[in-house]
Amino acid sequence: MGKALIAVNAGSATLKFRAYQPDGVQLLARGLVDRFGAAGASLELDYGGRQTRVTLAGSGRDEAVAAVLNVLADKGLEAVAVAHRVVHGGDRYTSPVVLTPEVVDHLAELIPLAPLHQPASLAVMSAFARLDSKLTQIACFDTAFHCGQPEVATRFGIARHWHEQGIRRYGFHGLSYASIARRLGDMALASQRVVVCHLGSGASACAIHDGRSIASSMGFSAVDGLMMGSRPGNLDPEVVLYWLEHEGMDIAQVRQELYKRSGLLGVSGLSADMRELLASKEPAAKEAIELFCYRAAREVASLATAMKGLDAVVFTAGIGERSPEIRARILKQLSWLGFEVDLAANLARSQRITTPHSTRHAYVIATDEEGEMAREAAALLSGDVQL
């Protein structure tokens, strides 16, 4: 039986996974568990271009994780290690780490900082441990890529003792940004000042210079920054106090408002899916799209200030990679910076989507979070920690 390194990306309703050679380079299979942890869950696997679909007998996370291991075993692949995407590593974890009971306890302490994502990751780790206690598990962190930011980029304007207690800007989507940073070197952009726009149901932007994170739109949590599918992005904290004091909302209701009822869904009143909004003729849908693009363009200019200049913009993730209209709208608002969209290249999803005469250039690069996790985990296991 062949050996495989599995990269797992757990969400609240889905579980994405990929199997790689133990060196973390060659992709062997990819799959998705839909309705993860709920009744009616199903698993889809792509192995060498051949599709397999399995309906899970149970609704628990253990059954879902067992199905992942079993379907890979059916293809002759035995897991030697599992790499997990962990949204929040705090300021303790600046690189991937092998899971131990102590590490798991530390990650659980960070649940208040990532209440939507951290519990799902921990639940999957526990499920793998119950099924195979000897399986090596590795945590790869979305916050790690941003740990080298300048001190000024990490602070809020609050009392020092709060910062010292960990209330600071962390930044997220770091595995996505790390995968893009690797590609920039292949495109002669490694030394350039680049803003990467990770636009999906979760959205953020990051200033990258010399392959390092300089500043990020996200802060203490994954709610901050750009408007997202169902999260508001930048929001005056007095709004939250207003909800608590004058609307009688409790903490759970406020959290639901921030994570599930805002963003594209909240503004449009229709959907959190950009594809549905682009197809809609409703004025509220058009307003939601306009606000999404406006906020993204403003953030690009802000991050350019953090780098004292801007050479290029990169679009990635679901919306960033697949929506030429959204890319064009954002770049149109940035035309004063010298971006001139090549309409044909943009529609064709070419790597460069600006004209040869454009003062600055914009690119579309596919993100590869699972691939980044596999590379990081393989490097850790081999003892080569120079990531």
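This one's a predicted model, so the numbers in the text were calculated from it and none came from an experiment. (Residues numbered from 1 in each chain as written. Predicted model: local features only at pLDDT ≥ 70, side-chain atom pairs only at ≥ 80, totals over all residues. Heavy atoms only, no water.)

A separate point is the packing of helix H11 (residues 283-307) against helix H13 (residues 324-333). H13 packs onto H11 with a crossing angle of 50° between their chain directions and a minimal axis gap of 9 Å. Classified by the angle their axes make, H11 and H13 are oblique. Of the two elements, H11 crosses H13, and the hand of that crossing is right-handed. On H13, the residues that touch Ile-289, Glu-290, Phe-292, Cys-293, Tyr-294, Ala-296 and Ala-297 of H11 are Ile-326, Arg-329, Ile-330 and Gln-333. Along the lines of polarity and charge, the residues of the contact of H11 with H13 split into eight nonpolar, one polar and two charged. (Axes fitted to C-alpha atoms, helices over the stretch in contact; angles between N-to-C directions. Helix = DSSP H or I, 4+ residues; strand = E, 2+ residues; numbered from the N terminus. Parallel < 35°, antiparallel > 145°, perpendicular 65-115°, else oblique. Left-handed = near helix turned anticlockwise from the far one by under 90°. Contact = heavy atoms within 4.5 Å. Nonpolar A, V, L, I, M, F, W, Y, C, P; charged D, E, K, R; others polar.)

Now for the packing of aromatic side chains. Using the criterion set out here, one finds two aromatic pairs in the structure. With a centroid separation of 5.1 Å and 5° between ring planes, the pair formed by Tyr-93 and Phe-141 is classed as stacked. Here Tyr-93 is found in the loop between strand E6 (77-86) and strand E7 (97-98), whereas its partner Phe-141 is found in strand E8 (residues 136-141), with 48 residues between them in sequence. Residue class for Tyr-93 comes out buried when judged on its relative accessible area of 9%. Taking the relative accessible area as the measure of exposure, Phe-141 reaches 2% and is therefore buried. (Phe/Tyr/Trp six-rings, centres within 6.5 Å; stacked < 30°, edge-to-face > 60°. Buried < 20%, exposed > 50% of the residue type's maximum accessible area, 1.4 Å probe, protein only.)

On to the environment of Phe-141. Spatially, the C-alpha atom of Phe-141 lies 8.8 Å from that of His-173, the residues being 32 residues apart in sequence. Not counting the four nearest positions on each side in its chain, Phe-141 is found in contact with Val-86, His-88, Gly-89, Tyr-93, Ser-95, Pro-96, Val-97, Leu-107 and Leu-175.

Turning our eyes to something else, we now look at a nonpolar patch on the surface. Among the surface-exposed residues, Leu-241, Leu-244 and Ile-251 lie close enough to one another that they form a single nonpolar patch of about 250 Å² accessible area. When you line up the elements, Leu-241 lands in helix H7 (residues 237-246). Judged by relative accessible area, which is 37%, Leu-241 ranks as partly exposed. (Patch = residues over 30% accessible without salt bridge, like charges linked within 9 Å, V, L, I, M, F, W, Y side chains within 5 Å. Areas by Shrake-Rupley, 256 points an atom, 1.4 Å probe, with all protein chains shown as cover. Salt bridge = Lys/Arg side-chain N within 4 Å of Asp/Glu carboxyl O.)

Moving on to the pairing of strand E5 (residues 50-55). Counting buried positions along E5 gives zero out of six residues, so the element sits mostly on the surface. Joining the antiparallel neighbours strand E4 (residues 42-47) and E5 is a turn of two residues, in which Gly-48 adopts a positive phi near 60°. (Pairing = 2+ DSSP bridges.)

Among the residues of helix H2 (residues 101-109), Val-103, His-106 and Leu-107 are the ones counted as buried. Angularly, the buried residues of H2 cover 100° about the axis, an arc narrow enough to put them on a single face. Across from the buried face of H2, at angles greater than 90 degrees, the exposed residues are Pro-101, Glu-102 and Glu-109. Where H2 is buried, its residues touch E6, E7, helix H3 (118-131) and E8. (Arc of directions from axis to C-beta.)

It is worth spelling out the UniProt feature "site: Transition state stabilizer" (unreviewed entry) in the protein at this point. Per the UniProt annotation, the sites labelled "site: Transition state stabilizer" (unreviewed entry) are His-173 and Arg-231. Following the sequence through the fold, His-173 ends up in the loop between helix H5 (160-164) and helix H6 (174-186). Ignoring sequence-local partners within four residues, the contact set of His-173 consists of Arg-85, Asp-142, His-198, Gly-202, Ala-203, Ser-204 and Met-218. If you trace the backbone, Arg-231 turns up in the loop between strand E11 (212-216) and H7. Exposure remark for Arg-231: the relative accessible area of 9% places this residue in the buried category. Apart from residues no more than four positions distant in its own chain, Arg-231 is found in contact with His-117, Ser-201, Gly-202, Met-218, Ala-222, Val-223, Leu-258, Tyr-259, Ser-262 and Gly-263. (UniProt positions renumbered as here; feature names shortened; annotations may be inferred.)

Two orientations exist for strands paired in a sheet by backbone hydrogen bonds: parallel and antiparallel. Taken together, eight strands build an open sheet; the order of strands is E5-E4-E3-E2-E1-E6-E8-E7 and the sheet is mixed. Each end of this open sheet is capped by a strand with a single partner; those strands are E5 and E7. Direction of pairing for strand E3 (residues 27-34) relative to E4: antiparallel, over a ladder of six bridges. From the neighbouring strand, Leu-32 faces E4, where its bridge partner is Glu-44. Against the sheet, helix H15 (residues 369-382) makes contact with strand E1 (2-10), strand E2 (14-20), E6, E7 and E8, and its axis sits at roughly 125° relative to E1, the strand it touches most.

Here we take up the side chain of Ser-221. Looking at where Ser-221 falls in the secondary structure, it is placed in the loop between E11 and H7. On the basis of relative accessible area, Ser-221 is assigned to the buried category, the value being 15%. Reaching out from Ser-221, the side chain makes a polar contact with the backbone nitrogen of Val-223 at a distance of 3.2 Å. Setting aside its immediate chain neighbours within four residues, Ser-221 contacts Leu-113, Phe-172 and Tyr-259. (Polar contact = N/O pair within 3.5 Å; in protein donor to acceptor, adjacent residues only side chain to side chain.)

Attention now goes to the UniProt feature "binding site: Mg(2+)" (unreviewed entry) in the protein. Under the local residue numbering, the UniProt record ascribes the feature "binding site: Mg(2+)" (unreviewed entry) to Asn-9 and Glu-369. For the annotated residues, spread through 361 residues, the largest C-alpha to C-alpha distance comes to 8.4 Å, consistent with a single compact locus. Looking at the element boundaries, Asn-9 is found in strand E1. Discounting residues that sit within four places of it in the chain, Asn-9 has contacts with Thr-14, Leu-15, Lys-16, Arg-85, Glu-369 and Glu-370. Here the side chain of Asn-9 touches Arg-85 through a polar contact of 3.3 Å, side chain to side chain. Topologically, Glu-369 is positioned in helix H15. Overall, Glu-369 belongs to the buried group, its relative accessible area being 9%. With residues near it in sequence (within four places) discarded, Glu-369 still touches Asn-9, Arg-85, Leu-175, Ser-176 and His-198.

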